[in-house]
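The primary structure of each chain is shown beneath.
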Amino acid sequence: MDILSLVLLLLSAQWSCAQEDPLLPFSEHLDPEHNVRLKWGFDEIQGTILFELTVNTSGWVGFGFSPKGGMTGADIVIGGVGPKGSYFTDRHAVGNSIPVVDQQQNYKLLSLSESDGKTVLKFQRSIESCDENDLSITNLPMKLIYAYGQSDDIVYHNNRRGTKEVNLLKYMPRVNPPNSKYFDMTVVNFTVPANQTYYHCKIMKAPTFDRKQHIYRIEPFITNFDLVHHVLLYRCPQSVTEPFETQCYTSLKTEMCMETIAVWGVGGGAFEFPEMAGLPIGGNVGDFFYRLEVHYNNLNKSAGRVDNSGLRFYYTSELRQHDAGVLGTGLVVSPGYAIPPKAKSFLTYGLCDTAYIPKVLETPHDLQVFSVMMHTHLAGRKVRVGHFRGGKQIDLLAVDDTYDFNYQDVKNLGKTKTVQLGDKLLVECTYNTENRNTLTWGGLSTSEEMCLAFLFYYPAMNLSGCMSFPNVTALMSEMGTPSPIDWRNRMNNMTWNDTCINQYQQTLKTVDQFVIIADSFKNISRNTGTIPDLKTIPPAPCMSGCAIKSLALISLLLCLAVHWASV
């Protein structure tokens, strides 16, 4: 390949990455005039955050974090392209004067360019503070400060400065696109039965539209927060043609609708899709019916309570680049497995092997995963989603080591993660049953258990679930029980000491799994698999300045890889 071809390829790859960088899914203009734009993404598992700052200037650029919004105590970087080349330094401010260069340089420059009156800086740092002159990035809103000059002489910025408060790690765009409207899908004046657990299903049509719209924001619409445990919306296949309302899982009509569209759990709030994706509605998906599922957890078995809960969907005719979808993964909900009592830390697993997706879809493709909602019931303490490729663990897709049943939210991954066809995903749930004297079986009730992870991804496929379930026959055989009746009796009557719990834990992990892939139309592929070992991935340490060149090279190679994979 000659030099000209190589240069053109590099420029092409750079343009390809500039169009859509999955590592930088969030963006905010920091000033009212839109002269300063910040894009960012993060990896909480690795403990790093990536920034790209674009400023309408050919002079110096400053950006940082301030305790109170001013210069004093701020953690700052200053960079630009001058007559002698590019410059970039990690600094801190001790007052309203030129910030002092840090002795330890903890911001890693990945690229810096200037053209057409714009300066673009791309850099990375640790989420946690690496020295006393850096500020840790937290889950709370932080005051971001910026300034820039008209030349590369770092002098007083005059009015070319500002402050904006942004929650970088818990970001919600709150965009208001043109032609934005909303509709609700709820139960209407439903009298909640005096049962501790009740699942109500309502099959209905969404509003109709002449052409496709994109849903960009979903809000819970809950009228009885003490009763409603979760709300799910499923899209039905075209064979479902009539509205219907009944108790869930008692009719084949409700079980036909299994493609997850939206999900809300106790303590969760509104969810906003990233700028590149939206849930499609209208157009070629306009004639579908939907199933609204509301789980009522009526602990006091109160009678006569009336509910109108559901979900509110904000939509726009300004379409995003991709249709988004939701894929259910984890352990099939069934009473075929149990969690023993008196267990401090008991694990269950659900396996998704994407190699089997082509068995139910004609044109499958990779998944670009941007958010995850993890779900267990009251005994759940931790949920991890492992990512495996070629027989090796390459990542933890998502982790919640402080899972709380009362605060279930859709978790933004901070960047878009690619799940290639052939990859395996392992959902691992950790339970604590030290305060329980009897078995906890898998099931729908809040007092029973689940182990699920709903993956929000793009581009959407007609896919509803990718889950697994232990081979119960093999499990019974390993535990010395020949029949399902004997199995339940034996499990219920066992003396659950530490030795017995550990033996059952190991058996549950090592028996074969039935891996089940289902599309939107109830076509199912049944396969087998085994549970791989899931390891904790340590966070990346604070890196010294000598890593700058290697990081820049890695960034370029990744960009080239994206380009080559697309041609």
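Structural data are supplied above this passage.
Residues numbered from 1 in each chain as written. Predicted model: local features only at pLDDT ≥ 70, side-chain atom pairs only at ≥ 80, totals over all residues. Heavy atoms only, no water.

## Regarding the overall build of the protein
Note the following rule: Secondary structure elements are defined from DSSP: runs of H or I of at least 4 residues count as helices, runs of E of at least 2 residues count as strands, and each element is numbered from the N terminus. For every residue, the accessible area (1.4 Å probe, protein chains only) is compared with the maximum for its type, and the residue is labelled buried under 20%, exposed over 50%, or partly exposed between those bounds. Here, Shrake-Rupley sampling with a 1.4 Å probe gives the accessible areas, and only protein chains in the shown set may cover a residue.
Looking only at helices and strands, the protein features six helices and 37 strands. Taking the principal axes of its C-alpha atoms as reference, the protein extends roughly 80 × 55 × 55 Å. In the protein, buried positions account for 54% of the 567 residues. Carbon and sulfur atoms make up 52% of the accessible area of the protein, which amounts to about 25500 Å² in all.

## Focus: helix 5 (residues 498-510)
An α-helical segment advances 3.6 residues per turn. Residues three or four places apart therefore align on the same side. Note the cut-off: What a helix is expected to span follows from its residue count: subtract one and scale by 1.5 Å. Polar contacts here mean pairs of N or O atoms no more than 3.5 Å apart (in protein, one a potential hydrogen donor and the other a potential acceptor; neighbouring residues in sequence count only if both atoms are side-chain atoms).
For helix 5, which comprises 13 residues, the first-to-last C-alpha distance of 18 Å matches the rise-based estimate of 18 Å (1.5 Å per residue) to within 8%. If you check which residues of helix 5 are buried, you get Cys500, Ile501, Tyr504, Gln505, Thr507, Leu508 and Lys509. At the N-terminal boundary of helix 5, the capping side chain belongs to asparagine 497, with an oxygen 3.2 Å from the backbone nitrogen of threonine 499.

## Quick word on the nonpolar core
Note the following rule: By convention a nonpolar core is built from buried Ala, Val, Leu, Ile, Met, Phe, Trp, Tyr and Cys residues, the set being connected through side-chain atoms within 4.5 Å. We call two residues contacting when some pair of their heavy atoms lies within 4.5 Å.
In this structure, Val369, Leu463, Met491 and Tyr504 are the most contacted members of the largest nonpolar core, which totals 62 residues. With residues near it in sequence (within four places) discarded, methionine 491 still touches Ala338, Leu439, Trp441, Trp496 and Tyr504. Counting residues in each nonpolar core, the second largest holds 55 residues, with Tyr198, Val231, Val240 and Tyr315 among its members.

## As for the state of the cysteines
The cut-off we apply is this: Cysteine sulfur atoms are paired as a disulfide whenever they fall within 2.5 Å.
Per the counting criterion, the structure on display carries four disulfides. The side chain of cysteine 352 participates in a disulfide bridge whose partner is cysteine 466; the two sulfur atoms lie 2.0 Å from each other. An S-S torsion of about 100° defines the bridge between cysteine 352 and cysteine 466 as right-handed. On the criterion of sequence distance, the pair formed by cysteine 352 in strand 27 (residues 346-353) and cysteine 466 in strand 35 (residues 463-470) is long-range, its members being 114 residues apart. Each member of the pair cysteine 352 and cysteine 466 is classed as buried.

## Remarks on the side chain of glutamine 513
Positionally, glutamine 513 belongs in strand 36 (residues 513-519). By relative accessible area, which is 2% here, glutamine 513 ends up buried. Apart from residues no more than four positions distant in its own chain, glutamine 513 is found in contact with Tyr349, Ser468, Phe469, Pro470, Asn471, Leu508, Asn527, Thr528, Gly529 and Ile531.

## Re the side chain of asparagine 224
As for its position among the elements, asparagine 224 is in the loop between strand 15 (213-221) and strand 16 (228-235). In this structure the side chain of asparagine 224 is engaged in a polar contact, spanning 3.4 Å, whose partner is the side chain of threonine 223. For asparagine 224, the side chain forms a polar contact with the side chain of aspartate 307, separated by 2.7 Å. Those residues in contact with asparagine 224 that sit more than four places away from it in its chain are Arg305, Val306, Asp307 and Ser309.

## Some points on the sheet that holds strand 30 (residues 392-400)
Sheet strands pair via backbone hydrogen bonds, and the direction of the pair is either parallel or antiparallel. This is how the line gets drawn: Any two strands with at least two DSSP bridges between them are considered paired. Only the contacting stretch of a helix is used when fitting its axis, a line to C-alpha atoms as for every element, and angles between N-to-C directions run 0 to 180 degrees.
Strand order in the open sheet formed by four strands is 27-32-29-30, with antiparallel pairing between adjacent strands. Each end of this open sheet is capped by a strand with a single partner; those strands are strand 27 and strand 30. Each strand of the sheet is rotated relative to its neighbour by a mean of 20°, with strand direction disregarded. Note that strand 29 (residues 380-389) and strand 30 share seven bridges and pair antiparallel. Bridge pairing in strand 30 links histidine 387 to aspartate 395.

## Brief notes about the packing of aromatic side chains
Rules: Each aromatic pair joins two rings of Phe, Tyr and Trp (for Trp, the six-membered one) with centres within 6.5 Å, and gets the label stacked for planes under 30 degrees apart, edge-to-face for over 60, and tilted for any other angle. The criterion for a charge sitting over a ring is simple: Lys NZ or Arg CZ within 6 Å of the ring centre, and within 35 degrees of the ring normal.
Within this structure, the stated rule accounts for 28 aromatic pairs. Where phenylalanine 51 meets phenylalanine 65, the ring centres are 5.9 Å apart and the plane angle is 50°; that geometry is what we call tilted. Here phenylalanine 65 lies in strand 4 (residues 61-66) and phenylalanine 51 lies in strand 3 (residues 48-55), a separation of 14 residues in the sequence. As far as the burial class goes, phenylalanine 51 and phenylalanine 65 line up, both buried. One aromatic cluster is present, formed by Phe51, Phe63, Phe65, Phe88, Tyr107 and Phe123 through successive ring pairs. Geometry around phenylalanine 288 places arginine 235 over its ring, the cationic atom sitting 5.9 Å from the centre.

## Some words on the sheet that holds strand 14 (residues 197-205)
Taken together, the five strands give an open sheet; going across it, the order is 17-14-21-16-18, and neighbouring strands pair in antiparallel fashion. Strands at the two margins of the open sheet, each flanked by one partner only, are strand 17 (244-247) and strand 18 (259-265). Each adjacent strand pair in this sheet contributes to an overall mean axis angle of 15°, direction not counted. As defined by bridge partners, strand 16 adjoins strand 21 (residues 289-297) across seven bridges and the pair is classed as antiparallel. Across the sheet, tyrosine 234 pairs through a bridge with arginine 291, a residue of strand 21.

## Some thoughts on the pairing of strand 21
Taken across its nine residues, strand 21 has nine buried, putting it largely inside the fold. Of the two faces of strand 21, the one holding Phe289, Arg291, Glu293, His295 and Asn297 and the one holding Tyr290, Leu292, Val294 and Tyr296 are both buried throughout.

## A few points about unusual backbone geometry
The residue after tyrosine 458, namely proline 459, is reached through a cis peptide bond having omega -15°. Examined against the element boundaries, proline 459 turns out to sit in the loop between strand 34 (451-458) and strand 35. Phi at aspartate 116 takes a positive value of approximately 50°, unusual for a residue other than glycine. Within the secondary structure, aspartate 116 is located in the loop between strand 8 (108-115) and strand 9 (118-126). Despite not being glycine, tyrosine 249 shows a phi value in the positive range, around 60°. Position of tyrosine 249 relative to the elements: it lies in the loop between strand 17 and helix 2 (252-255). The exposure class of tyrosine 249 is partly exposed, given its relative accessible area of 29%.

## A look at the pattern of salt bridges
Basically, it comes down to this: Put simply, a salt bridge is a Lys or Arg side-chain nitrogen that is within 4 Å of an Asp or Glu carboxyl oxygen.
Applying the stated rule across the entire model yields 17 salt bridges. Between lysine 212 and aspartate 323 there is a salt bridge, with the nearest N and O atoms lying 3.0 Å from each other. Taken together, the residues span a long stretch of sequence, with lysine 212 in the loop between strand 14 and strand 15 and aspartate 323 in strand 24 (residues 322-323) at a distance of 111 residues. A relative accessible area of 24% means that lysine 212 is categorised as partly exposed. Here lysine 417 ties to aspartate 395 by a salt bridge, and the two come within 3.2 Å at their closest N and O atoms. Taken together, the residues span a long stretch of sequence, with lysine 417 in strand 31 (residues 411-419) and aspartate 395 in strand 30 at a distance of 22 residues. Of the two residues, lysine 417 and aspartate 395, both sit in the buried class. Sharing partners across several salt bridges, the network here consists of Arg217, Glu219 and Glu272.

Worth remembering: the numbers are spatial, not functional.
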